[in-house]
Amino acid sequence: MKPTFYVTTPIYYVNDVPHIGHAYTTVAGDVLARYKRLMGYDVYFLTGSDEHGQKVEKAATTAGETPLELADRVVKRFQALWERLGISHNDFIRTTQERHKNGVSSIFKKILDKGDIYLGEYEDWYCTPCETFWTETQLIEGRCPDCNRQVEKLKEESYFFRMSKYQDQLMAHIEANPDFIQPKSKRNEIISFIKEGLRDLSVSRTTFTWGIPVPGNDRHIIYVWFDALTNYITALGYPDESGNYGKYWPVDVHLIGKDILRFHSVYWPTFLMAAGLPLPKKVFAHGWWTVEGQKMSKSLQNVVEPNMLIDKYGVDAVRYFILREVPFGMDGDFSHTALVQRINSDLANDIGNLLSRSTAMAVKYFGGTLPAIGELTEIDQALKQKTVDMIEVVDKFIDELAFSKALQAIWEVISAGNKYIDDTAPWTLAKDPANSGRLATVMYCLLESQRITHTILSAFLPATSTKALASLGWNGAVTREGLAWGGLTAGTTITKTEALFPRIEE
Ligand code: ME8
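What you are looking at is a predicted structure, and each value in this text was computed from that prediction instead of being measured. (Residues numbered from 1 in each chain as written. Predicted model: local features only at pLDDT ≥ 70, side-chain atom pairs only at ≥ 80, totals over all residues. Heavy atoms only, no water.)

Trainee: Could you give an account of the sheet that holds strand 15 (residues 294–295), naming the residues involved and the relevant values?
Mentor: Strand order in the open sheet made by the three strands is 15-14-16, with mixed pairing throughout. Strands at the two margins of the open sheet, each flanked by one partner only, are strand 15 and strand 16 (332–334). Alignment of strand 14 (residues 289–291) against strand 15, held across two bridges, turns out to be antiparallel. Pairing of Thr290 across the sheet is with Lys295, part of strand 15. (Pairing = 2+ DSSP bridges. Helix = DSSP H or I, 4+ residues; strand = E, 2+ residues; numbered from the N terminus.)

Trainee: Let's hear about the nonpolar core: which residues, and what values?
Mentor: Leu323, Trp411 and Phe460 are the most contacted members of the largest nonpolar core, which totals 107 residues. Counting residues per element, this core draws most heavily on helix 13 (residues 336–366), which supplies 12 residues. Residues in contact with Phe460, not counting those within four places in the same chain, are Val31, Arg319, Leu323, Ile398, Phe403, Ala406, Leu407 and Ile410. Listed in part, the 66 residues of the second largest apolar core include Tyr6, Ile11, Tyr13 and Val214. (Core = buried A, V, L, I, M, F, W, Y, C linked by side-chain atoms within 4.5 Å. Buried < 20%, exposed > 50% of the residue type's maximum accessible area, 1.4 Å probe, protein only. Contact = heavy atoms within 4.5 Å.)

Trainee: Just give me the short version of unusual backbone geometry, but keep the residues and values in it.
Mentor: The linkage connecting Tyr238 with the following residue, Pro239, adopts the cis geometry, with an omega of 15°. Assignment of secondary structure puts Pro239 in the loop between helix 8 (231–234) and helix 9 (243–248). Residues Trp249 and Pro250 are joined by a peptide bond in cis, for which omega reads 5°. Within the element layout of this structure, Pro250 appears in the loop between helix 9 and strand 12 (253–257). Of note, the phi angle at Glu131 is positive, near 50°, even though the residue is not glycine.

Trainee: Lay out the pattern of salt bridges with the relevant residues and their values.
Mentor: Within the structure shown, the criterion is met by 27 salt bridges. With a closest N to O distance of 2.7 Å, Arg438 and Asp380 form a salt bridge. In this pair, Arg438 sits in helix 17 (residues 436–456) while Asp380 sits in helix 14 (residues 378–399), placing the two residues 58 residues apart along the sequence. Close ionic contact of Glu448 with Arg451 constitutes a salt bridge, the shortest N to O distance being 2.8 Å. Here Arg451 and Glu448 lie together in helix 17, a separation of three residues that amounts to about one turn. Just as Glu448 is buried, Arg451 falls in that class too. (Salt bridge = Lys/Arg side-chain N within 4 Å of Asp/Glu carboxyl O.)

Trainee: Go over the site of the ligand, please, and point to the residues and values.
Mentor: Close to the ligand lie 23 residues, the nearest being Ile11, Tyr13, Thr25, Asp50 and Trp289. The contact in question runs from a nitrogen atom of the ligand to an N or O atom on the backbone of Ile11, over 2.8 Å. Summarising the interface, the protein chains cover 94% of the accessible area of the ligand, which totals 670 Å² for the free molecule. Broken down by secondary-structure element, the contributors of at least two residues to the shell around the ligand are strand 1 (4–13), helix 1 (20–38), helix 7 (224–229) and helix 8. (Near = heavy atom within 4 Å. Polar contact = N/O pair within 3.5 Å; in protein donor to acceptor, adjacent residues only side chain to side chain. Areas by Shrake-Rupley, 256 points an atom, 1.4 Å probe, with all protein chains shown as cover.)

Trainee: Give a description of the packing of helix 14 against helix 15 (residues 403–424) that names residues and reports values.
Mentor: Two numbers describe how helix 14 lies on helix 15: the axes approach to 8 Å, and their chain directions differ by 170°. Taken as axis vectors, helix 14 and helix 15 run roughly antiparallel relative to one another. Two secondary-structure elements touch here, helix 14 through Ile379, Asp380, Leu383, Lys386, Thr387, Met390, Val393, Val394, Phe397 and Ile398 and helix 15 through Phe403, Lys405, Ala406, Ala409, Ile410, Glu412, Val413, Ala416, Gly417, Tyr420, Asp423 and Thr424. (Axes fitted to C-alpha atoms, helices over the stretch in contact; angles between N-to-C directions. Parallel < 35°, antiparallel > 145°, perpendicular 65-115°, else oblique.)

Trainee: Summarise helix 11 (residues 306–313); cite the residues concerned and give the values.
Mentor: An α-helical turn contains 3.6 residues, so any two residues separated by three or four positions project in the same direction. Among all positions of helix 11, only Pro306, Leu309, Ile310 and Tyr313 are buried. One side of helix 11 holds all its buried residues, which, seen down the axis, span an arc of 100°. Here the buried face of helix 11 lies against helix 1, helix 3 (67–84), helix 12 (315–324), strand 16 and helix 13. Looking one or two residues past helix 11, Gly314 carries a phi angle of roughly 95°, positive in sign. (Arc of directions from axis to C-beta.)

Trainee: Residue-level account of the packing of aromatic side chains, with values.
Mentor: In the structure shown here, the tally under the stated rule is 33 aromatic pairs. Ring centres 5.7 Å apart and planes at 20° place the aromatic pair Tyr118 and Phe160 in the stacked group. Of this pair, Tyr118 sits in strand 4 (residues 117–127) while Phe160 sits in strand 6 (residues 152–161); the two residues are 42 residues apart in sequence, bridging distant segments of the chain. Ring pairing ties together the aromatic residues Phe108, Tyr159, Phe161, Tyr166, Trp225, Phe226, Phe263, Tyr267 and Phe271, which thus form one cluster. Positioned over the ring face of Tyr41 is Lys36, at 4.8 Å from the centre of the ring. Geometry around Trp474 places Arg451 over its ring, the cationic atom sitting 4.2 Å from the centre. (Phe/Tyr/Trp six-rings, centres within 6.5 Å; stacked < 30°, edge-to-face > 60°. Lys NZ or Arg CZ within 6 Å of the ring centre and 35° of its normal.)

Trainee: Residues and numbers for the pairing of strand 3 (residues 91–94), please.
Mentor: Residues Asp91 and Ile93 line one face of strand 3 and the alternating positions Phe92 and Arg94 line the opposite face, and both faces are buried. Of the pairings in the sheet, the one linking strand 2 (residues 42–50) to strand 3 comprises four bridges and is parallel in character. If you follow Leu46 over to strand 3, its bridge partner there is Asp91.

Trainee: Please set out helix 4 (residues 98–114) residue by residue, giving values where relevant.
Mentor: The end-to-end C-alpha distance of helix 4 is 24 Å, a good match for the 24 Å that 17 residues give at a rise of 1.5 Å each. Inspection of helix 4 places His100, Gly103, Val104, Ile107, Phe108 and Ile111 among the buried residues, and these make up the whole buried set. Projected down its long axis, helix 4 carries its buried residues within an arc of 125°, all on one side. Away from its buried face, by an angle of more than 90 degrees, helix 4 presents the exposed residues Glu98 and Asp113. Positive backbone phi, approximately 95°, marks Gly115, located one or two places after helix 4. (Expected span 1.5 Å × (residues − 1).)

See the structure below:
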């Protein structure tokens, strides 16, 4: 049986349209999912939409729609973008689906019946955009400490979750599992937060109606974060604990942005503890993108729209840039200059040129049919070794979610390929028919190294990889076995490619 791998993205709010930040997490999830499938895992990759809550209700009122009309419309935009970006999710969960609502009611009831959810009264400051309550002391100059917007005083009857009860258990779990919250700096922030003391958490609202009612008391709507976080198991069929739930839970990694780490590493694990369910294996919080040095916001009108980037630069250039430019876990800046620079140097020059030079030579010198090869010399062995060694290095970096380093390791092999051409000078060998055996070996090493590179790159740049492998005459499966040296055989037909990445002149 194949080992399983379950990876999720946040489910995105439908009151906003997709932007580069959403694309970032989703592309990262996709690379992980594709990579693990390549390596032989049975992968479940989940994304979806967060459709309940006051924020969505308000946005719908403003737009003159019902919340569901708004959600239906915006969800299509997310789904269309994921299609264009080549996202290979296995499932897309919407929190308005019956399967989700059932699962949420069920886990809520389970915790309620156990006594870890109780009815009480609430009075505190509420930030609607963040859907978060704050105490007086948490406010900064009377405003929301997260988004700096105005907060309002709310007093309501509310169900509370006994989060305080799980403080020690959560802390013990975090300490016993150093990789549970990543990166490390973020883990430390969460530890400090927990040490300040966990309060019981209000998990219902009576001030609006757009959501899932509390079982047995439908004056109360379940808190949107309780609702949303549960998507990770309702998508697997929970409360049915057989089937996909039994197969894939606990999740291998929840990929999220740093803005929502507390929900995922404090609230969610304690909900699961109360329900007697296993905790996620890992929560990884990546950094935030600014745009040309500024915070991305509607009011600044600098929101980066992924469709526009894809139109202009192509899907794989976008996928490459966002994962290569900034180490995963750090904040980064999106700039057009940096994007064009990456495209021209790493994509057009390095990887694109290497393939077009090599396939052009194979066509020119051998009519496109790969001849039988001779013994590998030292320089050939070196390229072979570099290619083969890269696979393990990439595997380690992917496990650490160090996408940028994984790409660097792959690009070292690409640079080695370009250098190999310069060092072996096939055009000189081609001048003398006596060298044709040697020329064949050189061409083989060059093409085989790229076949392996493009096989592993299928996780990152799926469209490019398909094109490149076709031009290398590879019609075998793109699987882990295909990463072994020696896949290409004599007689394979090599065709010249058009440029994988045209240079951008600006
Ligand atoms: O928070 N840079 O949804 P959301 C990088 N529905 N990533 C960014 C980003 C930026 N500037 N802006 C957004 C929600 N993101 C909840 C989640 S999960 C159970 C519920 C990404 O639509 C990042 O992944 O506000 C962040 O966590 C997510 O979008 C927030 O999406």
